[in-house]
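For reference, the chains in residue letters:
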Amino acid sequence: MKQSVKLIAGNWKMNGSAASLAEIEAMKADAAMSPWQAEVVVFPPAPLIDRVSRAVGTAPIGVGAQDCRAEASGAFTGCVSAEILHDAGARWVILGHSERRHGLRETDAVVAAKVEGALRAGLHPIVCVGETLEQRDAGQAEAVVAAQVTASLPEALSGRDFTLAYEPVWAIGSGRTPTTEEIARMHAVIADAVAARLGEAAVARILYGGSVNPTNAPDILATPGVDGALVGGASLKAEDFLAIIRAV
Ligand code: PEP
């Protein structure tokens, strides 16, 4: 059965430094004041994972990575495996983010191999899918997203908990979002595609991502089929991120 607790995930992208630990301290203080109704995970750049994990301590904040290499180890200069990330304290990993699919030409097959790597190392994957504006304007959004789901999820996910994030490429960092009706419709398409790929018993939480902020979060998080949010820009300041967490 699908978990009912919503997930709020903060993708710091290529931002942050040791000074960002102050944001973690602010989040810990807030969580200590009164319990959050959401599960919360932050995704700092890989070199900060160890420090952020230590700063989190026993607070209810998960820590994840923004990507991993599919292989466990080897001659891959500059790359980081899921095993290395786990060793550094990560328990989650974002895979197939549009900035990697489009900026770095990462294919569905590469994403699927990385998901297998994440499962091997004990990381919980968040697999991102989403259409470009051209694809939406051409009426292809649902077909494109369903095809990404089918090709990015390996068989190994059958019977496992995992998370998907619907992130329309045109909504990321743009200040534009789909209507809540469009989000609900796409989340239903994704749920159908997951069931077709992995069977009706598949347990996937489906997040929405793309310009989520403290103002639009209450409506987006109340939309049918939305199990949480993947937040980029608004996760960098604890004040904004906490407002989104408290919107659950
Ligand atoms: C993201 O990077 O996953 C994202 C959704 O970014 P933003 O919230 O800034 O649009």
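Residues numbered from 1 in each chain as written. Predicted model: local features only at pLDDT ≥ 70, side-chain atom pairs only at ≥ 80, totals over all residues. Heavy atoms only, no water.

Caption draft 1: Structural view of the UniProt feature "active site" (unreviewed entry) in the chain. Following the UniProt record, the feature "active site" (unreviewed entry) maps to His 97 and Glu 167 here. For the residues just named, distributed over 71 residues, the greatest C-alpha separation is only 8.3 Å, placing them together at one site. The residue His 97 is located in the loop between β4 (92–95) and α4 (98–101) in this model. Overall, the relative accessible area of 5% leaves His 97 in the buried class. Ignoring any residue separated from it by four or fewer positions in sequence, one finds His 97 in contact with Asn 11, Lys 13, Cys 128, Glu 167 and Ile 172. Relative to the helices and strands, Glu 167 is located in the loop between β6 (161–166) and α8 (180–198). For Glu 167, a relative accessible area of 5% corresponds to the buried category. (UniProt positions renumbered as here; feature names shortened; annotations may be inferred. Helix = DSSP H or I, 4+ residues; strand = E, 2+ residues; numbered from the N terminus. Buried < 20%, exposed > 50% of the residue type's maximum accessible area, 1.4 Å probe, protein only. Contact = heavy atoms within 4.5 Å.)

Caption draft 2: View of the pairing of strand β5 (residues 124–129). The buried fraction of β5 is high, at 6 of 6 residues. Across the two faces of β5 the burial is the same, with His 124, Ile 126 and Cys 128 and Pro 125, Val 127 and Val 129 all buried. Note: β5 against β6, 4 bridges, orientation parallel. In the strand pairing of β6, Cys 128 is matched with Ala 165. (Pairing = 2+ DSSP bridges.)

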